[in-house]
Each structure stands twice: as structure tokens, then as C-alpha cells.
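The residues making up each chain are set out below.
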Amino acid sequence: MLPTRVCRSVQASAALRSRVARESYLKKLVKPQDLVHQFKDGQYIGWSGLGEPQMPRTTTDWLRIPGTASPADQNTQTDAVECIQVGYPKETPLALAEHVEKNNLQGQLRFSLFVGASTGPEVEERWARNKMIARRSPHQVGKAIAKGINSGEIDFADKHLSMFPQDLTYGYYSLKRQGGEDGKMLDWAIVEATEILPDGSIVPGASVGATPEILQTAEKIIIEVNTSLPSFKGLHDITPSHMPPHRQPYLVQNPSDRIGQVSVPVDPERVVAIIETDKPDNTGQNAPETEDSKLIAQHLIQFFEDEVAVGRMPKNLHPLQSGIGNVANSIIAGLRDSKFERLQVWTEVLQDSFLPLLNSGKLDFATATSIRFSPEMFKEFYRDWDQYQDKLLLRPQQTANSPEIIRRLGVIGMNTPLEVDIYAHANSTNALGSRMLNGIGGSADFLRNAKLSVMHTPSSRPSKTDPTGISCIVPFATHVDQTEHDLDVIVTEQGLADVRGLSPRQRALVIIEKCAHPDYREQLKEYYDRALHECLKKGAGHEPHMLRNAFKMHLNFEKNGTMKIDKWD
């Protein structure tokens, strides 16, 4: 049975009435405070919204690890992890947090929380500080929630963003859940909409994420209608999620192909409340470009030009996927100033640099699952809505990150790791192998399936005592998210290593020579030479390692605040 709705008189504003075309929904209008007592400890909740941090970028990703620099210690600009998110519910989660704080219920009202990716820090961070999160999937941002995960207080299940929504519908996150009605996996779905259509379906805002699957799998639905945002009707392409063996192919052959509907289906019988909100999304400034990020972009754009010259790519390249952060911003800005035209984008998140690329006329079409603009760029986007609405589409993350589509379109995937080892394994999630930062996000969805898989990173980062104390090129990655089998190109400000078709020993030499910082180049080369000598003597020389020394640079960093060592033995 659905809970009895609290019938408190709430007057719908004119703005809300203009956005809600289903009259029966307006009869369910309540204040979020009317709902808090219907939430019970241990329940499963899904939220709308999707954003990604600038992860993992530079020194701030190593915060709270002994020997790393704090923001105050940094004398160089770095690409900080920021929580800039869109499309998440703002009223109901805050009302629940206030309820916990007012009644001293910290640690007594805990939920399993499922979101397409990360959400606004003013919401999720507050929940983490109030010990309201028992489980979390599949991607998160924020110091408080990361602290809860790494202290063992929060059980975090990391997952590729393309796979999370389908696994939710399969019931993989609710195997031990008791008491669910009609086989639903979630107790609650709390989603934000910018409009509700006559059939009860919702028009999301600047993100889709896993909203369709969250609505599909929840017993009870709360819709927060945000009247501070314009209606995004027409900007979305929503495809249904079916169970095997009835899943349908995505008939996409071009980023502009529309294959779905403009709104997300909702079962009106499961909608228990409508809430009006005028709270804006929590967005901020994107990370500024640096000299290193510009050099990385230059190396990569020159590589693209060379690929076109020899006929391996068309003159307008293949559809581009770009991660988040200052390197990604520099690459997109560099493309705006390059000779490339008629570009297309198939990506997960669009950030500020894409709008000037659209304005330049060099970008024909872009599709993603979320728009992550700064406030100023959102103002421009809303102001010039007419000129953008036929050049953009937002899709569910299961579609935007679909391996099938990425491979079919021949996407160029570009993402930033925490570290890359000399054989081209990349670590995107766990600093020093153990400390979870944010999660894998969608990087491997793209890098595993792209026609050209690129990892770009600065060659080094500062530690508290050494301006190049952290090498981003290491002998052995302390955690592997993208394997040597998936990556084609490694690029730092030092240069670009094209490792396509190379054996592990060949890859090691070119990565060290082209990508390692000069402070570490000889040290890494010595490691490789010694490992090769020892392993060939044992008849184990395919991918040489000295296991006793494979993590010596990391261990030295933990002890002395730098990855520079005196000697290997």
C-alpha cells in the first residue's frame, strides 16, 4: 500500500500551474516537510541528477594522504575537484536532513542511495555529515561522503555509468531488500522536472542520467518541479529500458539521430507528491586552463592533424568524447582555434568550452546525458535557447554511454587518470590503491570501446615538500580501472605516446620517453631496465616487473612526501 498522503493546504503558484499539465498531480501538492515522517530507516532511495567532478585531476585529489599538499600549500594552479551538479532534487532531501538535525537522529535514519552519478554538495554532503547514507552507488563527489566511504561508514559500490541503470532494473542493488511491493527495487524515487506533460510524464532539466530507470523501479515517486529553470521540453531523447531478452538496439548512426521521446514516462498511480521548488542547480566556475593543459591540447591536436593527413581519420574527425577538467577545456578550446570544422560530439557531460565551440560554427551537433555549465554560461545558454535547441540532445546515461553506440560511431574518447603506468594501465579512482576518490564514472565506457582511446594527464603534481613530488607516470598502477588493452594514446605536457599495436616492452619505452617528467625519466628507465634484465633471466620477460620494487615510488611518497627515490635496491 502507498502511504496516505498528508493533505495540508498548499497553493500552487501560477508558475507551477503553467508547468503541470496533469491536473490530478496538482491535488498532490505538498510541502516537503509533510513527507519526512513517511521515510523509514533502511529504505532504498533513488534521486535524479547527474554531474561529474573534475576527477581525478591534480594535488587536491590526494588530500588527506600523508605528504600531499593542501590547497594553501599549492603555488601553482591546479584542477581542483569541484561539485558542480545539475538536475537533482533539492527540497525533499534537505527537509529530511533538517528533520535528522532537529531530532538528533544522526546515524539512526540511514538510507541506501542510488543516483546516476554525483549530486549537489549542499544535499549529499549534508546527508553524509548526518550519517544518513548507509550505501551509495555508483559515483559520488564531496569530502564528507568520501570520508564516510574511506572510514568504512558508507558501503560504496563503484560501477560503469552505462551499466548502473540496467543493473538497477535487474535488481542487483536490492538483492537483500525486504518488503518491496510489485517487485520494485526502490522504496522512493525523488526526481526533479522542469515540466509535467498531460500524460504525467516529466521533462527533466539539464541532466537525464538514470532518471528513467529510477522512476521505473520505485514504489513511490516524488516529483519536484523547478520553476526557476526554463522548461527543457524538446532537448531530451528518452529511450525505454527493457529487460533481456527484449532489449532493443539503439538505432543511432549519427549523434543527431533522435530515437526516443521528449519526456520520461511516469506511472501516475505511483506519484504520491508534487513539490514546487525554485532553487537553482549548484553550479560554479569550471577549472581554468593552465600552461600544462594547453601543451597537452597542442600535442593532441597535432596528433589529430597527423591522423587526418595519413587517412586514418576524416577531416572533421570522429565524434568526440571529452571528460571534465582543465585539460578537457583546453582541448575543446584548442579545437575551436584549429582548422577542424563540422565537428560532432558524443559525450557524457558538456562543460563550458563546448558553448564557444558551438558559437564558432565549428561544432555541428553535440549529445550528452548532462550539461555542466557555469552560471554565466547557463545564462548565455538560456538567453540564446533558440540557436542551441536544434544542436543539442540529452539522453539517458545508458544510451549516452552505450558501448554499442560508442563503437559504432568510432568515438574519440579522452579522459584524465590519476596515474598511468609504463605499460599503459590507468588508475582513475583509488589514490595509492586504497583511497576512493569519486568513482570510475563513464571513462571506461568510452575508453574500452572508442576507436581512439586517449588518456591525458600532467606528468607530475606537487606534493607538500616537492613541486614535482608526485609522478603521474609510475612503474605499476596501484589500482587498475583501464587496462593496457584499452588505451591507445597517453599524453602529458611533455609529449604524446602512441602505443597502438605495441608490445608491453615497446609501450614502456615510448611512455617513459614521451610522457614522463624529466625529474622521473631516468628513474623509470632504470626500473624498466632492471626489471627486464631480471625477468628475461627467469624466462618471464613479456611485461617485466620487479615485484619487490613495483610500488617503491608510492611507498617513498607515503614516507617522505616525494616519489623520487635514492636507489631501487
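Residues numbered from 1 in each chain as written. Predicted model: local features only at pLDDT ≥ 70, side-chain atom pairs only at ≥ 80, totals over all residues. Heavy atoms only, no water.

The protein is annotated in an unreviewed UniProt entry as Acetyl-CoA hydrolase of Rhodotorula mucilaginosa. The UniProt entry for the protein carries this comment under Catalytic activity (unreviewed entry): "acetyl-CoA + H2O = acetate + CoA + H(+)". Checking UniProt for the protein, the heading Sequence similarities (unreviewed entry) contains the comment "Belongs to the acetyl-CoA hydrolase/transferase family." (UniProt positions renumbered as here; feature names shortened; annotations may be inferred.)

Caption draft 1: Spatial organisation of the overall build of the protein. When you go through the protein residue by residue, the secondary structure sums to 18 helices and 26 strands. The dimensions of the protein, computed from C-alpha atoms along their principal axes, are 75 × 55 × 50 Å. Counting across all 569 residues of the protein, residues that qualify as buried make up 63%. Sequence separation of at least 24 residues holds for 74% of the intrachain contacts in the protein that already meet a minimum separation of 6. Separation between the mean location of the 64 positive side-chain charges and that of the 71 negative ones in the protein comes to 2 Å. (Helix = DSSP H or I, 4+ residues; strand = E, 2+ residues; numbered from the N terminus. Buried < 20%, exposed > 50% of the residue type's maximum accessible area, 1.4 Å probe, protein only. Contact = heavy atoms within 4.5 Å. Lys, Arg positive; Asp, Glu negative; His and termini not counted. Charge placed at Lys NZ, Arg CZ, Asp CG, Glu CD.)

Caption draft 2: View of the pairing of strand β21 (residues 452–456). A large share of β21 lies buried, amounting to five of its five residues. Going residue by residue along β21, you find Leu-452, Val-454 and His-456 tucked away on one face and Ser-453 and Met-455 tucked away on the opposite face as well. Sheet analysis places strand β16 (residues 412–415) next to β21, joined by four bridges and oriented parallel. In the strand pairing of β21, Gly-413 is matched with Ser-453. Bridge count for β21 against strand β25 (residues 489–492) is three bridges, and the pairing is parallel. Opposite Met-455, over in β25, you have Ile-490 as the bridge partner. (Pairing = 2+ DSSP bridges.)

Caption draft 3: Fine view of the sheet that holds strand β18 (residues 426–427). Reading across from one edge, β18-β17-β24 is the order of the three strands in this open sheet, with mixed pairing throughout. With one partner strand each, in any of the chains shown, β18 and β24 (473–474) form the two edges of the open sheet. Bridge count between strand β17 (residues 419–421) and β18: two bridges; the pairing is antiparallel. Residue Glu-419 lies in a different strand from β18, and its bridge partner there is Asn-427.

Caption draft 4: Representation of the pattern of salt bridges in the model. In this structure the tally under the stated criterion is 28 salt bridges. The salt bridge involving Arg-17 is made with Glu-23; its shortest N-O contact spans 3.8 Å. On the basis of relative accessible area, Arg-17 is assigned to the partly exposed category, the value being 43%. For Glu-23, a relative accessible area of 48% translates into the label partly exposed. (Salt bridge = Lys/Arg side-chain N within 4 Å of Asp/Glu carboxyl O.)

Caption draft 5: Looking closely at helix α9 (residues 326–336). Burial runs high along α9: 10 of the 11 residues are buried. Considered for burial, the residues of α9 that qualify are Asn-326, Val-327, Ala-328, Asn-329, Ser-330, Ile-331, Ile-332, Ala-333, Gly-334 and Leu-335.

Caption draft 6: Structural view of the packing of aromatic side chains. Per the counting criterion, the structure on display carries 21 aromatic pairs. Where Phe-114 meets Tyr-173, the ring centres are 5.5 Å apart and the plane angle is 55°; that geometry is what we call tilted. With a gap of 59 residues between them, Phe-114 in strand β2 (residues 111–115) and Tyr-173 in the loop between α6 (164–170) and β5 (186–193) connect regions that are remote in the sequence. With a centroid separation of 5.6 Å and 75° between ring planes, the pair formed by Phe-373 and Phe-381 is classed as edge-to-face. What makes Phe-373 buried here is its relative accessible area of 1%. (Phe/Tyr/Trp six-rings, centres within 6.5 Å; stacked < 30°, edge-to-face > 60°.)

Caption draft 7: Examining the side chain of Glu-307 more closely. Along the chain, Glu-307 falls in helix α8 (residues 291–309). The class of Glu-307 is buried, set by a relative accessible area of 4%. Of the polar contacts made by the side chain of Glu-307, one reaches the side chain of Arg-312; its length is 2.9 Å. Discounting residues that sit within four places of it in the chain, Glu-307 has contacts with Arg-312, Met-313 and Arg-500. (Polar contact = N/O pair within 3.5 Å; in protein donor to acceptor, adjacent residues only side chain to side chain.)

Caption draft 8: Inspection of the packing of α8 against α9 at higher detail. Put simply, α8 and α9 touch, their axes get as near as 8 Å, and they point 50° apart. Between α8 and α9, the crossing angle belongs to the class labelled oblique. Between α8 and α9 lies a crossing whose hand is right-handed. Residues Ser-293, Lys-294, Ile-296, Ala-297, Leu-300, Ile-301 and Phe-304 of α8 pack against Asn-326, Val-327, Ser-330, Ile-331, Gly-334 and Leu-335 of α9. Here the contact of α8 with α9 is built from residues that sort into eight nonpolar, four polar and one charged. (Axes fitted to C-alpha atoms, helices over the stretch in contact; angles between N-to-C directions. Parallel < 35°, antiparallel > 145°, perpendicular 65-115°, else oblique. Left-handed = near helix turned anticlockwise from the far one by under 90°. Nonpolar A, V, L, I, M, F, W, Y, C, P; charged D, E, K, R; others polar.)

Caption draft 9: Representation of the environment of Gly-152 in the model. One can find Gly-152 in the loop between α5 (143–150) and β4 (155–156). Separated by 18 residues in the primary sequence, Gly-152 and Ala-134 have C-alpha atoms spaced 9.9 Å apart.

Caption draft 10: Region of the structure containing unusual backbone geometry. The omega torsion across Ser-137 and Pro-138 is -10°, close enough to zero to call that bond cis. In this fold, Pro-138 is placed in the loop between β3 (133–137) and α5. For the bond from Pro-244 to Pro-245, the omega torsion is 5°, close enough to zero to count as cis. Tracing the chain through its elements places Pro-245 in the loop between β8 (218–226) and β9 (271–277).

Caption draft 11: Fine view of the state of the cysteines. Applying the stated criterion to the full structure yields zero disulfides. Of all cysteine sulfurs, the one in Cys-515 lies closest to Cys-472, which takes part in no disulfide; the gap is 11 Å. (Disulfide = S-S within 2.5 Å.)

Caption draft 12: Up close: the UniProt feature "domain: Acetyl-CoA hydrolase/transferase C-terminal" (unreviewed entry) in the protein. UniProt's feature table lists "domain: Acetyl-CoA hydrolase/transferase C-terminal" (unreviewed entry) at residues 379–527, given in the numbering used throughout. Secondary structure over residues 379–527 splits into 32% helix and 23% strand, and the C-alpha atoms at its two ends are 52 Å apart.

Caption draft 13: Examining the sheet that holds strand β1 (residues 44–47) more closely. Reading across from one edge, β4-β3-β2-β1-β5-β8-β9 is the order of the seven strands in this open sheet, with parallel pairing throughout. Where the open sheet ends on each side, the last strands, each with one partner, are β4 and β9.

Caption draft 14: A look at the nonpolar core. If you look at the biggest cluster of nonpolar residues, it comprises 76 residues, and the most contacted ones within it are Ile-223, Phe-304, Leu-335 and Phe-381. Look past the residues within four positions of Phe-304 in its chain and what remains in contact with it is Met-313, Leu-317, Leu-335, Phe-340, Ile-412, Met-414 and Leu-452. In this structure, Val-474, Tyr-527, Ala-550 and Trp-568 belong to the second largest nonpolar core, which totals 34 residues. (Core = buried A, V, L, I, M, F, W, Y, C linked by side-chain atoms within 4.5 Å.)

Caption draft 15: The arrangement of the packing of helix α16 (residues 504–515) against helix α17 (residues 518–537) in detail. Their axes nearest at 9 Å, the elements α16 and α17 cross at an angle of 165°. Of the possible angle classes, the one that applies to α16 and α17 is roughly antiparallel. Relative to α17, the crossing made by α16 is left-handed. Residue-level inspection shows Arg-505, Ala-508, Leu-509, Ile-512 and Glu-513 of α16 in contact with α17, the latter providing Arg-521, Leu-524, Lys-525, Tyr-528 and Leu-532. Per-class residue counts for the contact of α16 with α17 are six nonpolar, no polar and four charged.

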